[in-house]
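Listed below are the residues making up each chain.
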Amino acid sequence: MRRWIGTSWKMNKTIGQARAYARGLRAELSDRGEMLDRVQPFVIPPATALAAVTEEMGPLANMAGGIRIGAQNAHWEDSGAWTGELSIPQVKDAGATLIEIGHFERREHFGETVETTSWKVQAAVRHGLTPLLCIGESTQIREAGKTATFLLDQTRGALSALTVEQMSRVIIAYEPIWAIGAQGRPAKVGELREPFDVLAHEYGGRTEALLYGGSVTPGNASELLGIPGVNGLFVGRSAWTLSGYLELLEVAAAPENP
Ligand SMILES: O=C(CO)COP(=O)(O)O
């Protein structure tokens, strides 16, 4: 099974910077086709650069054996009076085949709830996009011993309306809040075993993939990929440079990481 190794650029990069990254990535992936046998790369640019990145990736964009391109968010309605929002048909039109839903930063700052994640997941599958549902607990929830219940509430709330076939297209990214971003603390492998046991028991084999995200670096990627149930990594800061992302792809594709 190919490992999903992807990055969200969050609110970073101009169109010019995004093009330069994508052009370089296309050249590297074209030169190292064998890497694509082992990893499934995906890149989630800001919406302003979606079309440019899709164009730069050329024949590799969204092809089987190529790179998947995603959007960081979209509205659940197809169109209408929703000033400042983008719909799933719009981000699809710009090249996205994958849609990130419910990232912590959207739950924290933009009012995303379990209910809105559920509407967005349903809209994504209706339009044939892959939902990438992000979940994760706070330090308080973890310290109260409620992580497993919390993760199951977040996933069941978002996914319960799906058919078996639709569920098989979902990707779940477990990103504990305390491990994400510049304020985050890298998780110890031992802290991730129980959450992945729970998620793998409930969703392993029924979904497309289970990913880990939060302070992933080329230095810890290998041990994170070794956790039972982990099918890939979702990366922020370490992959905002092309060289950082390539290093992560190399680690994930390395033969010593079967
Ligand atoms: O939020 C993340 C990916 O969605 C992870 O971000 P960092 O890798 O920067 O911690």
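Residues numbered from 1 in each chain as written. Predicted model: local features only at pLDDT ≥ 70, side-chain atom pairs only at ≥ 80, totals over all residues. Heavy atoms only, no water.

Peer 1: Just to check I follow, could you spell out the side chain of Thr-130 for this structure?
Peer 2: On the secondary structure map, Thr-130 appears in strand β5 (residues 130-135). A distance of 2.7 Å separates polar atoms of two side chains, one belonging to Thr-130 and the other to Arg-68. Beyond its immediate chain neighbours, meaning those up to four positions away, Thr-130 contacts Arg-68, Thr-97, Leu-98, Ile-99, Arg-169 and Ile-171. (Helix = DSSP H or I, 4+ residues; strand = E, 2+ residues; numbered from the N terminus. Polar contact = N/O pair within 3.5 Å; in protein donor to acceptor, adjacent residues only side chain to side chain. Contact = heavy atoms within 4.5 Å.)

Peer 1: What's the story with the packing of helix α8 (residues 147-159) against helix α10 (residues 189-203) in this structure? I'm lost.
Peer 2: If you want to describe how two helices pack, look at the angle between their axes and the distance between the axes. Axis separation between α8 and α10 bottoms out at 10 Å; the angle between their running directions is 35°. Between α8 and α10 the crossing geometry is right-handed. Across the interface between the two elements, Thr-147, Ala-148, Leu-151, Leu-152, Thr-155, Arg-156 and Leu-159 of α8 pack against Glu-194, Pro-195, Val-198, Leu-199, Glu-202 and Tyr-203 of α10. Class assignment of the residues belonging to the contact of α8 with α10 gives a composition of 8 nonpolar, 2 polar and 3 charged. (Axes fitted to C-alpha atoms, helices over the stretch in contact; angles between N-to-C directions. Left-handed = near helix turned anticlockwise from the far one by under 90°. Nonpolar A, V, L, I, M, F, W, Y, C, P; charged D, E, K, R; others polar.)

Peer 1: Even after reading the chapter, I still don't get the packing of aromatic side chains, so can you show me in this structure?
Peer 2: The geometry of an aromatic ring pair comes down to the distance between the two centres and the angle between the two planes. For the coordinates displayed, the defined rule picks out 9 aromatic pairs. Consider the rings of Trp-76 and Trp-82, whose centres lie 5.8 Å apart with planes at 65°: the pair is edge-to-face. Each ring, one from Phe-196 and one from Tyr-212, has its centre 6.4 Å from the other, and the planes form 65°; the classification is edge-to-face. One end of the pair, Phe-196, is in helix α10; the other, Tyr-212, is in strand β7 (residues 209-213), with 16 residues separating them in the sequence. Classification of Phe-196 as buried rests on a relative accessible area of 1%. An aromatic cluster of three or more residues is present, and its members are Trp-4, Phe-42 and Phe-234. One cation-aromatic arrangement involves Lys-13 over Trp-9; the distance from NZ or CZ to the ring centre is 5.3 Å. (Phe/Tyr/Trp six-rings, centres within 6.5 Å; stacked < 30°, edge-to-face > 60°. Buried < 20%, exposed > 50% of the residue type's maximum accessible area, 1.4 Å probe, protein only. Lys NZ or Arg CZ within 6 Å of the ring centre and 35° of its normal.)

Peer 1: What is the right way to read the site of the ligand from this model?
Peer 2: Near the ligand you find Lys-10, His-103, Glu-175, Ala-179, Ile-180, Gly-181, Gly-214, Ser-215, Phe-234, Val-235, Gly-236 and Arg-237, and these make up its full shell. Here an oxygen atom of the ligand and a side-chain polar atom of Glu-175 are 3.1 Å apart. The contact in question runs from an oxygen atom of the ligand to an N or O atom on the side chain of Arg-237, over 2.6 Å. For the ligand, the accessible surface in isolation is 310 Å², of which the surrounding protein chains cover 99%. (Near = heavy atom within 4 Å. Areas by Shrake-Rupley, 256 points an atom, 1.4 Å probe, with all protein chains shown as cover.)

Peer 1: Looking at this structure, I do not really get the sheet that holds strand β4 (residues 98-101). What am I missing?
Peer 2: In sheet architecture, strand pairing relies on hydrogen bonds along the backbone and comes in two forms, parallel and antiparallel. Strand order in the closed barrel formed by 8 strands is β1-β2-β3-β4-β5-β6-β7-β8, with parallel pairing between adjacent strands. Pairs of neighbouring strands in the sheet enclose a mean axial angle of 25°, with direction left out of account. Pairing of strand β3 (residues 68-71) with β4 involves 2 bridges; the strand directions are parallel. Opposite Gly-70, over in β4, you have Leu-98 as the bridge partner. (Pairing = 2+ DSSP bridges.)

Peer 1: Mind showing me how you'd approach α8 here?
Peer 2: Each α-helix turn comprises 3.6 residues. Residues three or four places apart therefore point the same way. Relative to the 18 Å expected for 13 residues at 1.5 Å per residue, α8 spans 18 Å between its end C-alpha atoms, a close match to the ideal helical length. Listed as buried for α8 are Thr-147, Leu-151, Leu-152, Gln-154, Thr-155, Ala-158 and Leu-159. For α8, the angular spread of the buried residues around the axis is 160°, confining them to a single face. (Expected span 1.5 Å × (residues − 1). Arc of directions from axis to C-beta.)

Peer 1: Whenever I open this one, unusual backbone geometry confuses me. Can you help?
Peer 2: Residues other than glycine seldom take positive phi values, yet Lys-13 does so here, at roughly 85°. With relative accessibility at 22%, the residue Lys-13 sits in the partly exposed group. Its identity as a non-glycine residue notwithstanding, Ser-215 has a phi of 55°, on the positive side. Positionally, Ser-215 belongs in the loop between β7 and α11 (221-225).

Peer 1: I'm lost on the pattern of salt bridges in this one. Help?
Peer 2: Pairing is possible between side chains that carry opposite charge, provided their charged atoms lie close to one another. Taken as a whole, this structure holds 12 salt bridges when the rule is applied. One salt bridge connects Glu-250 with Arg-32, and the closest N-O pair in it is separated by 2.3 Å. In this pair, Glu-250 sits in helix α12 (residues 242-253) while Arg-32 sits in the loop between α1 (15-31) and α2 (35-38), placing the two residues 218 residues apart along the sequence. On the basis of relative accessibility, which here comes to 37%, the residue Glu-250 falls in the partly exposed class. Between Arg-126 and Asp-78 there is a salt bridge whose closest N-O contact spans 3.3 Å. Residue Arg-126 is found in helix α6 (residues 114-126), and its partner Asp-78 is found in the loop between β3 and α4 (88-93); the two are separated by 48 residues along the sequence. Residues joined in a network through salt bridges with shared partners are Arg-19, Arg-23, Glu-55 and Glu-56. (Salt bridge = Lys/Arg side-chain N within 4 Å of Asp/Glu carboxyl O.)

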